[in-house]
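Here is how the chains run, residue by residue.
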Amino acid sequence: MKPSTFVGACLLAATCATALAKPAPWFHWRSKANGALTCSQTPLGPGWERAAGPYRDARCENLIVVK
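Okay, the side chain of Asp-57 next. Counting through the fold element by element, Asp-57 comes out in the segment after β3 (48–55). Buried within the structure, Asp-57 lacks any salt-bridge partner; Arg-59 is the closest side chain of opposite charge, at an N-O distance of 5.7 Å. At a separation of 3.0 Å, a polar atom in the side chain of Asp-57 contacts the main-chain amide nitrogen of Glu-61. Setting aside chain neighbours within four positions, we find Asp-57 in contact with Trp-26, Cys-39 and Asn-62.

So this is what it looks like as structure tokens:
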């Protein structure tokens, strides 16, 4: 196999995988210190616990319904 063919196949595979990727869900996070709520896709650290979710949007308004 030619190197250019191999590189082309790898690029095609990466493009297909990217096209099928979905965005990460959003969650409400509650502060253990004062109970404040915030919306984030990733954990905010050891002082925070997941309160609700998952949501579709960054404002944590559209709940994802799991079937």
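In total, this model carries one disulfide according to the counting rule given. Disulfide partner of Cys-39: Cys-60, at an S-S distance of 1.8 Å. Its S-S torsion of about 80 degrees marks the bond between Cys-39 and Cys-60 as right-handed, since a negative value means left-handed. Here Cys-39 is found in strand β2 (residues 37–40), whereas its partner Cys-60 is found in the segment after β3, with 21 residues between them in sequence. The class of Cys-60 is buried, set by a relative accessible area of 7%.

Reading guide: rules and limits
Residues numbered from 1 in each chain as written. Predicted model: local features only at pLDDT ≥ 70, side-chain atom pairs only at ≥ 80, totals over all residues. Heavy atoms only, no water. Helix = DSSP H or I, 4+ residues; strand = E, 2+ residues; numbered from the N terminus. Buried < 20%, exposed > 50% of the residue type's maximum accessible area, 1.4 Å probe, protein only. Lys, Arg positive; Asp, Glu negative; His and termini not counted. Salt bridge = Lys/Arg side-chain N within 4 Å of Asp/Glu carboxyl O. Polar contact = N/O pair within 3.5 Å; in protein donor to acceptor, adjacent residues only side chain to side chain. Contact = heavy atoms within 4.5 Å. Disulfide = S-S within 2.5 Å.

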